[in-house]
Amino acid sequence: MKNEIIQFGGTKLNFPKEVLDKYNYNILAGNYNFISDVDNLEIFIENKFNKKKSRNIYIFGKDATLLFNFPKLLEQFPAYQILFDSNSSLPEIQKNILKSKFGKPVNLDNGKELKKIIEFVMQSSIKQYGYKLDMSYVEIREQFRDKTVKKGNSHFEILGDFGQKMNQIVSWKMHPFGIEGNTTLTFTPEIKVVSGNVVLEFQVFLIDQATNRIIEVIKGSPEEFMNQKKLIINSTDTNKLVSVSLCASGGEGKLEIGQIHFRSYVSEESIMIQNGKRIIDYQRRNEELLYYFHPGDLKPPLSVYFSGYRSAEGFEGRGMMSRMGSPFILIADPRLEGGNFYIGSVELEEGIIDIINEKLKWLGFTNRELILSGLSMGTFAALYYSADLEPAAVIVGKPLTNIGLIAENERINRPEIWGTSLDMIMHFGNASNHNVANQLNDKFWTKFKNGKYQNTTFAIAYMKNDDYDGEAFYQIATYLRTLSPQPVLLYKGLIGRHNDNSVEINTWFIKQYRNILWDKFLRRIDYHL
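Rules used throughout
Residues numbered from 1 in each chain as written. Predicted model: local features only at pLDDT ≥ 70, side-chain atom pairs only at ≥ 80, totals over all residues. Heavy atoms only, no water. Phe/Tyr/Trp six-rings, centres within 6.5 Å; stacked < 30°, edge-to-face > 60°. Helix = DSSP H or I, 4+ residues; strand = E, 2+ residues; numbered from the N terminus. Buried < 20%, exposed > 50% of the residue type's maximum accessible area, 1.4 Å probe, protein only. Contact = heavy atoms within 4.5 Å. Polar contact = N/O pair within 3.5 Å; in protein donor to acceptor, adjacent residues only side chain to side chain. Pairing = 2+ DSSP bridges. Core = buried A, V, L, I, M, F, W, Y, C linked by side-chain atoms within 4.5 Å. 1 Å grid on protein atoms, 1.4 Å probe; cavity = no way out; pocket = protein on both sides within 12 Å on 5 of 7 lines; lining within 4 Å. Points joined across faces, edges and corners; volume = space filled by probe spheres on them. Nonpolar A, V, L, I, M, F, W, Y, C, P; charged D, E, K, R; others polar.

This brings us to the packing of aromatic side chains. For the structure shown, the criterion picks out 48 aromatic pairs. Where Y309 meets W418, the ring centres are 5.8 Å apart and the plane angle is 85 degrees; that geometry is what we call edge-to-face. Of this pair, Y309 sits in the loop between β21 (302–306) and α6 (318–324) while W418 sits in the loop between α9 (403–408) and α10 (420–429), and the two are 109 residues apart along the sequence. The exposure class assigned to W418 is buried, which follows from its relative accessible area of 8%.

Attention now goes to the environment of P487. Relative to the elements of secondary structure, P487 occurs in the loop between α12 (472–482) and β26 (488–494). When residues no more than four places from it in sequence are discounted, the contact partners of P487 are Y453, T456, F458 and L480.

This part takes up the side chain of E313. With respect to the element layout, E313 can be found in the loop between β21 and α6. Within the structure, the side chain of E313 is placed 3.3 Å from the side chain of K132, a separation counted as a polar contact. A distance of 2.7 Å separates polar atoms of two side chains, one belonging to E313 and the other to H261.

Attention now moves to the pairing of strand β24 (residues 393–397). With five of five residues buried, β24 lies mostly within the body of the structure. Across the two faces of β24 the burial is the same, with A393, I395 and G397 and V394 and V396 all buried. With five bridges joining them, strand β23 (residues 370–375) and β24 adopt parallel strand pairing. For I371, the partnering residue across the bridge sits in β24 and is A393.

For the rest of this paragraph, the subject is the nonpolar core. F306, M324, F341, I352, I356, Y385 and F448 are the most contacted members of the largest nonpolar core, which totals 92 residues. It is helix α8 (residues 377–389) that contributes the most residues to this core, nine residues altogether. In contact with I356, other than residues within four places in its own chain, are L302, V304, I329, L370, L372 and L389. Y137, V138, F156 and I257 belong to the second largest nonpolar core, which has 33 residues in total.

Another aspect to go through is the layout of surface pockets. Each pocket or cavity is described by its volume, and for the second largest pocket that value is around 330 Å³. What lines the second largest pocket is a set of 18 residues, among which G308, Y309, L375, S376 and N499 lie closest to the centre. Looking at the lining of the second largest pocket, the element that brings in the most residues is helix α13 (residues 502–521), giving three residues. Among the residues making up the lining of the second largest pocket, the classes are represented as nine nonpolar, seven polar and two charged.

For the peptide bond that leads from P300 to P301, omega is 5 degrees, which places it in the cis range. Positionally, P301 belongs in the loop between β20 (287–294) and β21. With an omega of 10 degrees, the peptide bond running from S484 to P485 counts as cis. Here P485 shows up in the loop between α12 and β26. Phi is positive for N212, close to 60 degrees, though the residue is something other than glycine. Topologically, N212 is positioned in the loop between β14 (199–208) and β15 (214–220). With a relative accessible area of 48%, N212 lands in the partly exposed category. Phi is positive for E390, close to 45 degrees, though the residue is something other than glycine. Here E390 lies in the loop between α8 and β24.

So this is what it looks like as structure tokens:
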């Protein structure tokens, strides 16, 4: 079923077929009565916005009643999906509402503005999509093979003389996902010149599926691709395969190369989805974390949800957090095969804290109006950063705190179940041994035990036979009890290993959100799994 573009008043827009293929366009009178609702739009039901309409685009002409009256209705429309006529003389309250909803001003009477409107509408329709080329796709040029060190599936290092002419040194085999017809992708490499004056160029090949013939080659520096100045565009109706080469020149030097990411292109300002952003770890191969902020109803709390293990590129939990009604941030970790526990350089970790504090300030909230949450891998981040942020509550399911222990358990407790845990050890310690494992365990506990947690509620659901980190809950509970009565600990244990009974864990997770939203913020939500 198509989403809709609903316009109230103003000039009728002449949308092209590409827009009408994705949306139904409905233009109504500027003074449309939402109570009598003669067109049965059901945008409001008993003066409350119908959440089933939250993916629509709303356009307000300069004669739209809601631009001058009924602010209580206007403030319920979804953020990022509002366009309004820039020629409107708005009361201050309407200006503030539209600003808080990130509404876009456009001149509906200027035909030249239609392109801008179409871009906005089409960007809103893009669904998150992406994949990565991991180490299994890599082929090293023969003359550099004895000078290459592979660090598991984390990254590899090449040391050598790359000459003065640009020559291919690495290639990535054709990927079966490729690029669909009439699609634009971004290409984001994790790469760093460690030493030397090496100059790099990536070449992305579009290949015909039927003939394996190269159709187009897109060339650019890592910076051009990372900054989305160079894009992978398939303007034909047929799908294409993709292959990648890395070329280098500049003499002696050392490179580090990690994962290669292909993602849906949204706009110059957005990553993965409209208004998705990123935090870049310039110390580690320009690796990224992704985040998305939604202002909700602008009322406390601000809820932060860290995605769990996720092999697909993109965000997790958008629908769930939207149903809470309040502002929220989604944070995703696209590194390695399915995430890397949201830690890295000081720069990266401070970036997470800064983003959360920035949104708290923008909303006018304090840390007493903050909830940190996550499931599985996301629990590490929620607990780890609680030491810095001292939130009102931390809500987690299947807690993981000892990254080193998780890796050590790969040998005996869960053989060959999650090899990514071994890559994490290699990623952070540049070696795979017990010393690095212990250092990673200590990294969490050193941070966590520095937190004050005054009046913080910890709600934790855990697996009693967890084969990833069987010590996490007991260590957390033991430490928090030493701080009693300041932090409150709520918990539930379920029989099973880490990946067992996720439905019950998730159900309890949502229940604790409901309880804490009511108990601390007097917010009642009717959301159940």
